[in-house]
Amino acid sequence: MIDETWIPRTQLGKMVASGEIKTMSEALRTKLPLKEYQIVDYLLPGLKDEVIDIERAQRMTDSGRRMSYSVTAVVGNEDGFIGVGRGKAKEAAPAIRKAINNAKLNILEIRRGCGSWECGCGKAHSLPFMVHGKSGSVEVTVKPAPQGVGRAVGDIPKIVLRMAGIDDVWGFALGHTKTTVNYALAVFDAMKGTAKMKVNPALKLTTPIYVGSVASASSDTN
Ligand SMILES: [Zn+2]
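Along each chain, residues carry numbers from 1 onward, in the same order as the chain's sequence is written. Only residues with pLDDT of 70 or above have their local features reported here, since the model is predicted, and side-chain atom pairs are shown and tallied only from 80 upward, although totals for entire chains, interfaces and linings are computed over all residues.

Chemist: Which parts of the structure should I look at to understand the overall build of the protein chain?
Modeler: Counting its secondary structure elements, the protein chain contains six helices and eleven strands. As defined in this context, the radius of gyration uses C-alpha atoms, and a globule is described by 2.2 Å times the residue total to the power 0.38. Relative to its length of 222 residues, the protein chain is compact, with a C-alpha radius of gyration of 19 Å against a globular reference of 17 Å. Exposed residues have 12 or fewer other C-beta atoms within 10 Å of their own C-beta, buried residues have 20 or more, and residues in between are partly exposed; the C-beta atoms are placed from the backbone. Buried positions account for 42% of the 222 residues belonging to the protein chain. Two residues qualify as being in contact provided that their C-beta atoms, derived from the backbone, are within 7 Å of each other. Sequence separation of at least 24 residues holds for 59% of the intrachain contacts in the protein chain that already meet a minimum separation of 6. Labels follow the DSSP assignment, with helices taken as runs of H or I lasting at least four residues and strands as runs of E lasting at least two, numbered in each case from the N terminus.

As structure tokens, this is what we get:
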């Protein structure tokens, strides 16, 4: 949802509002700090959000009990863009809002592909290669899988991968996966791995690697 009352304050925000920057990919490639979540609303209007964890904590003060809420949320366009964020507040609703907005500020353009030798279809339904991620005690490995396998991972990675637009993977995790926050952040860290991995330009790729949204059909072969 685009906030009509948004007045951009940052350089990147101004470039987006003026139309100088038209896509999320362009915005991220400027390397300018992303400090206004409205930029993401503007450039990815179909973005979805999902709350995956709400922790309620209670502490005693002189005036009695005080509650606080820590929320973890995922945002994604189900087509190459994903973000995970956390928010904390005294009430649940503002904590959820903060978590979603922070997830937007953490948005990441991932790489997809068909890295499964058993498949080789060349479409963006899986990962181009195996990736690892870590957060706290949780370590995850996510591997390319052929079409039809689905998301053969735990419930939390399933949500993150669906929001990212990855349909078929195999994965496994080590550590305290009951700690939802770390589990989600470890998968998000693995997604960062798809973007960071240097692909050797001398390597002959048999299938293309897709960057970000397939709808805008950007693929790099190096
Ligand atoms: Zn395939």
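Chemist: What exactly am I supposed to notice about the domain arrangement of the protein chain here?
Modeler: Where interface size is quoted, it is often the accessible area lost as the parts come together. Domain delimitation in this document rests on an assignment produced automatically or drawn from a domain database. Segmentation of the protein chain into domains returns domain 1 (11-108) and domain 2 (111-217). A separation of 22 Å is found between the C-alpha centroids of domain 1 and domain 2. Of the residues in the side of domain 1 that touches domain 2, the class split is seven nonpolar, six polar and six charged. When residues are sorted by character, Ala, Val, Leu, Ile, Met, Phe, Trp, Tyr, Cys and Pro go into the nonpolar class, Asp, Glu, Lys and Arg into the charged class, and all the rest, Gly among them, into the polar class.

Chemist: Looking at this structure, I do not really get the sheet that holds strand β8 (residues 151-152). What am I missing?
Modeler: Adjacent strands of a sheet pair through backbone hydrogen bonds, lying either parallel or antiparallel. DSSP calls a pair of strands paired once it identifies at least 2 bridges connecting them. An order of β6-β7-β9-β8 is seen for the four strands of this open sheet, with the pairing classed as mixed. The open sheet has two free edges, formed respectively by β6 (131-135) and β8, since each of these has just one partner strand. The axes used here are C-alpha line fits, helices contributing only the stretch in contact, and every angle between their N-to-C directions lies in the interval 0 to 180 degrees. Along the sheet, helix α6 (residues 180-196) makes contact with β6, β7 (138-144) and β9 (169-174), crossing β6 at roughly 140 degrees.

Chemist: What am I meant to see in the nonpolar core here?
Modeler: One recurring pattern in soluble globular proteins: nonpolar side chains tend to sit buried together. I39, V160, A184 and V187 are the most contacted members of the largest nonpolar core, which totals 51 residues. Broken down by element, the residue count for this core peaks at eight residues, all from α6. The residue makeup of this core includes at least three contributed by each of domain 1 (11-108) and domain 2 (111-217). Ignoring any residue separated from it by four or fewer positions in sequence, one finds I39 in contact with L12, G13, V16, A27 and L34. Core membership is restricted to buried Ala, Val, Leu, Ile, Met, Phe, Trp, Tyr and Cys residues, and these are joined into a nonpolar core through C-beta atoms within 7 Å.

Chemist: I tried to follow α6 on my own but got confused; where do I start?
Modeler: Given 3.6 residues per helical turn, the α-helix brings residues three or four places apart onto the same face. Over its 17 residues, α6 runs 24 Å from end to end, which matches the ideal 24 Å to within 8%, given 1.5 Å per residue. N182, Y183, A184, L185, A186, V187, F188, A190, M191 and T194 are the residues of α6 that are buried. A helix is expected to reach a length of 1.5 Å times the quantity of its residues less one.

Chemist: Would you explain the pairing of β6 in this entry?
Modeler: Side-chain positions along a regular strand alternate between the two faces of the sheet. The alternating pattern of β6 places V131, G133 and S135 on a buried face and H132 and K134 on a face that is not buried. Pairing geometry for β6 and β7, over five bridges, is antiparallel. Residue pairing for β7: K134 is matched across the bridge by E139. Connecting β6 to the next strand, β7, in antiparallel fashion are two residues, including G136 with a positive phi near 55 degrees.

Chemist: Explain the sheet that holds strand β2 (residues 64-76) to me, please; I cannot follow it from the model alone.
Modeler: A sheet is described by the order of its strands in space; here four strands give the open sequence β1-β2-β3-β4, paired in antiparallel fashion. The open sheet terminates on both sides in strands that have one partner only, identified here as β1 (48-61) and β4 (108-109). Of the strands in this sheet, β1, β2 and β3 (81-89) are in contact with helix α5 (residues 155-164), which crosses β2 at around 45 degrees. In the packing of α6 onto the sheet, the strands contacted are β1, β2, β3 and β4, and the crossing angle to β3 comes to about 145 degrees.

Chemist: Sorry, what's going on with the confidence of the model for the protein chain here?
Modeler: It should be kept in mind that the predicted coordinates are not to be read in detail where pLDDT is low. For every residue, the predictor states its confidence as a pLDDT score lying anywhere from 0 to 100. Mean pLDDT over the protein chain: 91, with 93% of residues reaching 70 or higher. Per-element confidence in the protein chain is highest for helix α4 (residues 92-105), whose mean pLDDT is 98, and lowest for strand β11 (residues 219-220), whose mean pLDDT is 49. Contacts from residues 218-222, a stretch scored under 50 in pLDDT, to residues over four places away or in other chains number 13 contacts.

Chemist: I would appreciate a short explanation of the environment of S70 in the present structure.
Modeler: Its place among the elements puts S70 in strand β2. On the basis of neighbour count, S70 is assigned to the partly exposed category, with 17 C-beta atoms found within 10 Å. When the C-alpha atoms of S70 and L43 are compared, they prove to be 27 Å apart, with 27 residues separating the residues in sequence. Ignoring anything within four residues of it in the chain, the contact list for S70 reads E55, A57, R86, K88 and A95.

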